[in-house]
Amino acid sequence: MDYKKAGVDIEAGYKSVELMKKHVAATMRPEVLGGLGGFSGAFSLSKIKEMEDPVLLSGTDGCGTKVKLAIIMDRHDTIGIDAVAMCVNDIACAGGEPLFFLDYIACGKNVPEKIADIVKGVAQGCIQSEAALIGGETAEHPGLMPEEDYDLAGFAVGVCDKKDMITGENLKSGDVLVGMASSGVHSNGFSLVRKVFEKELTREGLETYYEELGGTLGETLLAPTRIYVKALKSIKKAGVKVKACSHITGGGFYENVPRMLKEGTRAVIKKDSYEVPAIFRLLASKGDIAPEMMYNTFNMGIGMVLAVDPADVDKTMEAVRAAGETPYIIGSVEEGEKGVTLC
């Protein structure tokens with residue numbers, strides 16, 4: 001008896017590491033010390049000393065059951081972008097710069113080429129957010145997971161000067177809400193998505209072309225989560241102080257927007273201020289999902305919401321566009337009970 005007969009292929013693990021090295025190398029920053037393969041990832045904090053009052057920010061998350069679609073479609077090179085996005089967007093909306101990322105892949109069987117594809121996506125997400133991929137773990141779980149299954153999660157660390165943190169404390173009535181467009185469903189609500197499209201969850205079903213989507217169902221649902229790090233950096237570089245910020249993830253507008261508000265303020269968002277992507281209209285009609293439930297589950301086409309002073313709106317919009325994102329003026333802040341009104 002040996003480890004391989006027990007279901008764990010050590011040689012496959014070695015091959016996975018070799019195949020992913022080129023992807024990891026593309027994410028390196030000058031602060032990274034050492035290379036891939038150590039017991040821990042090392043990152044120099046020398047530049048942080050230049051800050052008046054440095055604050056470390058962290059985020060950890062996964063891709064939820066969106067992974068199941070990647071498995072059905074046998075397409076694994078973008079799901080890693082989602083894992084990175086879910087972590088670094090949280091750091092960015094607090095005013096931080098992501099520094100480094102670590103991934104964790106649990107799989108039923110280590111297929112080196114598949115693992116390398118997953119890490120390729122993780123590396124792409126790190127490149128988009130300018131974070132270094134300094135380590136990770138691939139764990140083979142025979143007997144616990146089916147051979148074809150895997151799960152992906154990650155952890156990111158960022159930093160910002162305390163004076164630059166986005167806290168919402170200076171929010172006031174009259175501030176303008178700017179939304180940044182999402183790429184679709186992102187990585188939340190997929191348990192409901194899978195229930196609505198239960199009959200379509202086959203390779204053939206997901207490869208079906210939908211006229212209203214302008215692509216196949218699988219392509220639309222697997223579209224990677226937008227990473228807003230560069231947009232927020234662009235806004236800061238333009239000299240705009242973002243007063244409050246919310247990453248629209250699980251819980252949609254109703255759960256996430258209030259998290260950016262201080263007591264005595266209320267967000268008022270106009271649903272007709274931007275066009276809701278076709279995938280959400282299809283979900284609502286096919287699943288007979290009430291509007292309130294849609295906005296309480298999905299991002300509905302807005303992945304990040306910012307609050308800025310009215311005088312800074314034009315500069316904010318320009319900075320977001322310069323970073324390659326699409327901004328909309330979606331509402332305003334009013335006095336009232338902490339919460340959100342969609343009208």
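Not measured: the values here are computed from a predicted model.

Let's shift gears to helix α12 (residues 313-322). Residues of α12 that are buried include every one of V313, T316, M317, A319 and V320, and no others. What you see down the axis of α12 is that its buried residues fit within an arc of 165 degrees, all on one side. In α12, the exposed positions angled more than 90 degrees off the buried face are occupied by D314, E318, R321 and A322. Those residues of α12 hidden inside the fold are in contact with β7 (176-181), α8 (229-237), β12 (302-308) and β13 (327-335).

This brings us to the packing of aromatic side chains. Summed over the entire model, instances satisfying the criterion amount to four aromatic pairs. Centre to centre, the rings of F280 and F298 are 5.9 Å apart; their planes meet at 50 degrees, and the pair counts as tilted. Of the two residues, F280 is situated in helix α10 (residues 278-287) and F298 in the loop between α11 (291-295) and β12; the sequence distance between them amounts to 18 residues. Summarising the burial analysis for this pair, F280 and F298 share the class buried.

By the element assignment, E148 lies in the loop between β5 (132-140) and β6 (150-161). What makes E148 partly exposed here is its relative accessible area of 44%. Each C-alpha atom of the pair E148 and E200 lies 19 Å from the other, and the pair is 52 residues apart in sequence. In contact with E148, other than residues within four places in its own chain, are I71 and K114.

Right, let's get into α8. Every buried residue belonging to α8 is among V229, A231, L232, S234 and I235, and all of these are buried. In the segment just after α8, G239 is the residue with positive phi, at about 85 degrees.

This brings us to the environment of I105. Locating I105 in the fold gives a position in strand β4 (residues 97-107). In sequence terms I105 and T138 are 33 residues apart; their C-alpha atoms lie 4.7 Å from each other. Beyond its immediate stretch of four places on either side in the chain, I105 contacts I115, I118, V119, E137, T138, A139, Y150, D151 and L152.

This brings us to the side chain of T216. In this structure, T216 sits in strand β9 (residues 215-216). Assessed through its relative accessible area of 13%, T216 is described here as buried. Within the structure, the side chain of T216 is placed 3.0 Å from the backbone nitrogen of E219, a separation counted as a polar contact. Here T216 is in contact with L206, E207, T208 and Y209, once residues within four sequence places are set aside.

Let's shift gears to the pattern of salt bridges. Going through the model one piece at a time under the given rule, you end up with 22 salt bridges. A salt bridge links D77 to R75, with the shortest nitrogen-to-oxygen separation between them at 3.3 Å. When its relative accessible area of 27% is taken as the criterion, D77 is described as partly exposed. Given a relative accessible area of 36%, R75 falls into the partly exposed group. Between K195 and E198 there is a salt bridge, and its shortest N-O distance comes to 3.8 Å. There is no split in this pair, since K195 and E198 are both exposed.

The next thing to look at is the nonpolar core. Nonpolar side chains in soluble globular proteins generally cluster together in the buried interior. Counting 93 residues, the largest nonpolar core has F253 and L283 as the members making the most contacts within it. Contact partners of L283, with chain neighbours within four places excluded, come to V185, V193, V196, F197, D288, I289, M294 and F298. Core analysis: the next-biggest nonpolar cluster, separate from the first, contains nine residues, I48, A132, I134 and V159 among them.

Turning our eyes to something else, we now look at the sheet that holds β6. Across the sheet, which stays open at both edges, the four strands sit in the order β3-β6-β4-β5 with mixed pairing between neighbours. Only two strands of the sheet have a single partner each, and these edge strands are β3 (54-62) and β5. Ignoring strand direction, the axes of neighbouring strands in this sheet form an average angle of 15 degrees. With ten bridges joining them, β4 and β6 adopt antiparallel strand pairing. Residue pairing across strands places L102 opposite F155, the latter belonging to β6.

Turning to the sheet that holds β7, a few remarks are in order. An order of β10-β12-β7-β13-β11-β14 is seen for the six strands of this open sheet, with the pairing classed as mixed. Each of the sheet's edge strands pairs with one partner strand only, and the pair in question is β10 (244-247) and β14 (339-342). For this sheet, the mean inter-axis angle between neighbouring strands, taken without regard to orientation, is 25 degrees. Strand direction decides the pairing type here: β7 and β12, joined by six bridges, are antiparallel. Bridge pairing links V178 to L306 in β12.

Attention now moves to the pairing of β12. The buried fraction of β12 amounts to seven of the seven residues, a majority that puts the element mostly inside the structure. The pairing of β10 with β12 spans four bridges and is classified as antiparallel. From the neighbouring strand, H247 faces β12, where its bridge partner is M304.

Criteria and thresholds
Residues numbered from 1 in each chain as written. Predicted model: local features only at pLDDT ≥ 70, side-chain atom pairs only at ≥ 80, totals over all residues. Heavy atoms only, no water. Buried < 20%, exposed > 50% of the residue type's maximum accessible area, 1.4 Å probe, protein only. Helix = DSSP H or I, 4+ residues; strand = E, 2+ residues; numbered from the N terminus. Arc of directions from axis to C-beta. Contact = heavy atoms within 4.5 Å. Phe/Tyr/Trp six-rings, centres within 6.5 Å; stacked < 30°, edge-to-face > 60°. Polar contact = N/O pair within 3.5 Å; in protein donor to acceptor, adjacent residues only side chain to side chain. Salt bridge = Lys/Arg side-chain N within 4 Å of Asp/Glu carboxyl O. Core = buried A, V, L, I, M, F, W, Y, C linked by side-chain atoms within 4.5 Å. Pairing = 2+ DSSP bridges. Axes fitted to C-alpha atoms, helices over the stretch in contact; angles between N-to-C directions.

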